[in-house]
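Here are the chains, one letter per residue:
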Amino acid sequence: MASSATARLSRRDILLGAAATATAAVLGLQGCAPGRGLPRVYAPPPLDVSGDRSLRVQAAAHGLLAGFALSVPSLKTSDAYRRVAAEQCSLAVPENAMKWAAIRPTRAEFNFDEADAFVAFCEGHRIKMRGHNLCWHDYLPPWLPAEATASNARALLVEHIRTVAGRYRGRMHSWDVVNEAIEVGDGRPDGLRTSLWLKLIGDDYIETAFRTAREADPSALLTYNEYGIENESYADAQKRAATLLLLRRLRQRNVPIDAVGIQSHIKARSMQGYGPALRGFIRSCRAMDLEVFITELDVDDRELPTDPARRDAGVADTYSAYLQAVLAEPNVRAVLAWGIDDGQTWLNSHSPRADHDSQRPLLFDADFRATPAFAATTRAFATHTPDQAAHPAVPPLR
Ligand code: XIL
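About the cut-offs
Residues numbered from 1 in each chain as written. Predicted model: local features only at pLDDT ≥ 70, side-chain atom pairs only at ≥ 80, totals over all residues. Heavy atoms only, no water. Helix = DSSP H or I, 4+ residues; strand = E, 2+ residues; numbered from the N terminus. Contact = heavy atoms within 4.5 Å. Areas by Shrake-Rupley, 256 points an atom, 1.4 Å probe, with all protein chains shown as cover. Phe/Tyr/Trp six-rings, centres within 6.5 Å; stacked < 30°, edge-to-face > 60°. Buried < 20%, exposed > 50% of the residue type's maximum accessible area, 1.4 Å probe, protein only. Expected span 1.5 Å × (residues − 1). Arc of directions from axis to C-beta. Polar contact = N/O pair within 3.5 Å; in protein donor to acceptor, adjacent residues only side chain to side chain. Near = heavy atom within 4 Å. Nonpolar A, V, L, I, M, F, W, Y, C, P; charged D, E, K, R; others polar. Lys, Arg positive; Asp, Glu negative; His and termini not counted. Salt bridge = Lys/Arg side-chain N within 4 Å of Asp/Glu carboxyl O. Axes fitted to C-alpha atoms, helices over the stretch in contact; angles between N-to-C directions. Parallel < 35°, antiparallel > 145°, perpendicular 65-115°, else oblique. Left-handed = near helix turned anticlockwise from the far one by under 90°.

**Description of the overall build of the protein**
Right, so step 1: Helix and strand content of the protein: 16 helices and nine strands.
Right, so step 2: For the protein, the share of sequence-separated contacts (at least 6 apart) that also reach a separation of at least 24 residues comes to 79%.
Right, so step 3: Carbon together with sulfur atoms contributes 53% to the accessible area of the protein, which is approximately 16900 Å² in total.

This is the structure we're talking about:
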């Protein structure tokens, strides 16, 4: 009888494995960690994720929306990518296609080719859409810092939001209106990042962005999206406090805002851990009548060993612990992973592993096989009980 490890390998994997061993022998690489260029021999245990076992159906059973950030180039070129996206998502977000740099090649032009392709795919498969994003300090086209001034910046921002959010009016589930506006290290007492927008417009650029977005698309849930607020460290605690301060100010000034996005770029074997502090933050959002979306979930596996089976187990454990913590809060409504498959994760360029192997942070591996993180995610959905009453005020967790 085949050993269980062998039983999990497909014929193609075994052939690839033989080829890899032969290549390694020729190159004198026996015993080396598998590099990015070498064929993969490991496959996660098979998991049926079709139909009722899909992410979208499992999420819906617990009052959640779920899906991925989608790459438009991959939607255009890969059948497997389109198949998984269509089967698994009830909600999706474009990874880059709606950012300023994608839409604004020049000051005079709006190019909606990629954004429209994302919308056409989602509408064709009845997938709800998040827009990402209308105002960020990053991923700006080079002409913007060159041409924006204190006298034209507000008009540029307003024109952009009116045009982009207006184009998809009535069709978006939500918009990330402002992304990553807090940077405690910039030294301001309010914790706001001294971004191009803040420097040229002043701190009310955030308010302007939300008010303009509400006018342009009154039915989209307007979201403030932030990272670095997830773990139990002092740095994340400071950033959570600054974020809550911003949200309270927006509420006090009757700025239209409906939700908070917690990006959730988290780490396996993080020293700090995830749990009570983040739940407290989510409760504070609920007390302000704000929904919460987990918007960009992935698990950086740099602290885990090379062995892919052990890595997948460590990543899956991190998904379990994190999602069980956040999904215990009823105002969390959606979970999106930042990409479908490990083959295309942004972490390989942003946070490469020391052994040069690819990161394994997502719910599907590079060959679109569901990973143990997929099973961990759908299991964690059971933790969630949606809000029954209409947003009762809840005291923050102690
Ligand atoms: C990243 C994309 O994944 C990359 O492809 C791109 O080069 C840079 O942006 N926070 C965000 C996302 O809000 O838009 C970022 O996406 C990841 C961090």
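And the narrative resumes.
**Observations concerning the packing of aromatic side chains**
Right, so step 1: Counted under the stated rule, the structure contains eight aromatic pairs.
Right, so step 2: Look at Trp100 and Trp143: their rings are 6.4 Å apart centre to centre, the planes differ by 45 degrees, and that puts the pair in the tilted class. Taken as a pair, Trp100 in helix H6 (residues 100–103) and Trp143 in helix H8 (residues 143–147) lie far apart in primary sequence, 43 residues in all.
Right, so step 3: We classify Trp143 as buried; its relative accessible area is 9%.
Right, so step 4: For the pair Tyr274 and Tyr322, a centre-to-centre distance of 5.4 Å together with 90 degrees between the ring planes defines the contact as edge-to-face.

**Looking at helix H7 (residues 113–124)**
Right, so step 1: Look at H7: 16 Å from first C-alpha to last across twelve residues, which is about the 16 Å you get at 1.5 Å a residue.
Right, so step 2: Inspection of H7 places Ala115, Phe118, Val119, Phe121 and Cys122 among the buried residues, and these make up the whole buried set. Buried residues of H7, seen end-on, are gathered within an arc of 160 degrees and therefore sit on one face of the element. Turned more than 90 degrees away from the buried face of H7, the exposed residues are Asp113 and Gly124.
Right, so step 3: Against strand S1 (65–70), helix H4 (72–77), helix H5 (79–88), strand S2 (91–94), H6 and strand S3 (128–135) lie the buried residues of H7.
Right, so step 4: In the segment just after H7, Arg126 is the residue with positive phi, at about 55 degrees.

**Notes on helix H11 (residues 205–216)**
Right, so step 1: For H11, built from twelve residues, the straight-helix expectation of 16 Å at 1.5 Å per residue is met to within 8% by its first-to-last C-alpha distance of 16 Å.
Right, so step 2: Those residues of H11 hidden inside the fold are in contact with S3, helix H9 (153–167), strand S4 (174–179), helix H10 (196–201), strand S5 (221–226) and helix H12 (234–252).

**Considerations on the side chain of Gln263**
Right, so step 1: If you trace the backbone, Gln263 turns up in the loop between strand S6 (259–262) and strand S7 (265–267).
Right, so step 2: Of note is the side chain of Gln263, whose polar atom sits 3.2 Å from the side chain of Asn179.
Right, so step 3: Not counting residues up to four positions away in its chain, the partners in contact with Gln263 are Asn179, Glu180, Asn225, Glu226, Tyr227, Glu230, Thr295, Glu296 and Leu297.

**Focus on the site of the ligand**
Right, so step 1: Close to the ligand lie 13 residues, the nearest being Glu95, Lys99, His132, Glu296 and Trp338.
Right, so step 2: One of the side-chain nitrogen or oxygen atoms of Trp338 is found 2.9 Å away from an oxygen atom of the ligand.
Right, so step 3: Protein burial of the ligand: of its 410 Å² of free accessible surface, 80% is covered by the chains.
Right, so step 4: Tallied by class, residues from the shell around the ligand come to four nonpolar, five polar and four charged.

**A look at the side chain of Lys99**
Right, so step 1: Within the secondary structure, Lys99 sits in the loop between S2 and H6.
Right, so step 2: For the buried Lys99, no salt bridge is present, and the opposite-charge side chain at shortest range is Glu95, 6.3 Å distant.
Right, so step 3: Excluding its chain neighbours within four sequence positions, the residues that come into contact with Lys99 are His132, Asn133, Trp136 and Tyr139.

**Overview of the environment of Leu91**
Right, so step 1: For Leu91, the location among the structural elements is in strand S2.
Right, so step 2: Under the relative-accessibility criterion, Leu91 is labelled buried at 0%.
Right, so step 3: Those residues in contact with Leu91 that lie beyond four places of it in its chain are Leu65, Ala66, Gly67, Phe68, Ile127, Lys128, Met129, Arg130, His173, Ala334 and Leu336.

**With respect to the packing of helix H14 (residues 308–327) against helix H16 (residues 372–381)**
Right, so step 1: Where H14 meets H16, the axes come as close as 8 Å, and the angle between the chain directions of the two elements is 20 degrees. As summarised for this structure, H14 and H16 are arranged roughly parallel, according to the angle between their axes. Regarding H14 and H16, the two cross each other, and that crossing is right-handed. Of the residues in H16, those touching H14 at Asp312, Val315, Ala316, Tyr319, Ser320, Leu323, Gln324 and Leu327 are Pro372, Ala373, Ala376, Thr377, Ala380 and Phe381.

**Here we look at the pattern of salt bridges**
Right, so step 1: Tallying each qualifying case throughout the model produces 25 salt bridges.
Right, so step 2: Across the salt bridge formed by Glu207 and Arg253, the nearest N and O atoms sit 2.7 Å from each other. Here Glu207 is found in helix H11, whereas its partner Arg253 is found in the loop between H12 and S6, with 46 residues between them in sequence.
Right, so step 3: Relative accessible area serves as the criterion here: at 14%, Glu207 is assigned to the buried category.

**Comments concerning unusual backbone geometry**
Right, so step 1: Geometrically, the link from His132 to Asn133 is a cis peptide bond, its omega value of -10 degrees lying close to zero.
Right, so step 2: In this structure, Asn133 sits in strand S3.
Right, so step 3: In this structure, Glu180 is a non-glycine residue whose phi angle is positive, near 60 degrees.
Right, so step 4: Among the structural elements, Glu180 can be located in the loop between S4 and H10.
Right, so step 5: Assessed through its relative accessible area of 9%, Glu180 is described here as buried.
Right, so step 6: One non-glycine residue with positive phi stands out, namely Asp289, at about 65 degrees.
Right, so step 7: Relative to the elements of secondary structure, Asp289 occurs in the loop between helix H13 (276–287) and strand S8 (291–300).
Right, so step 8: Under the relative-accessibility criterion, Asp289 is labelled partly exposed at 38%.

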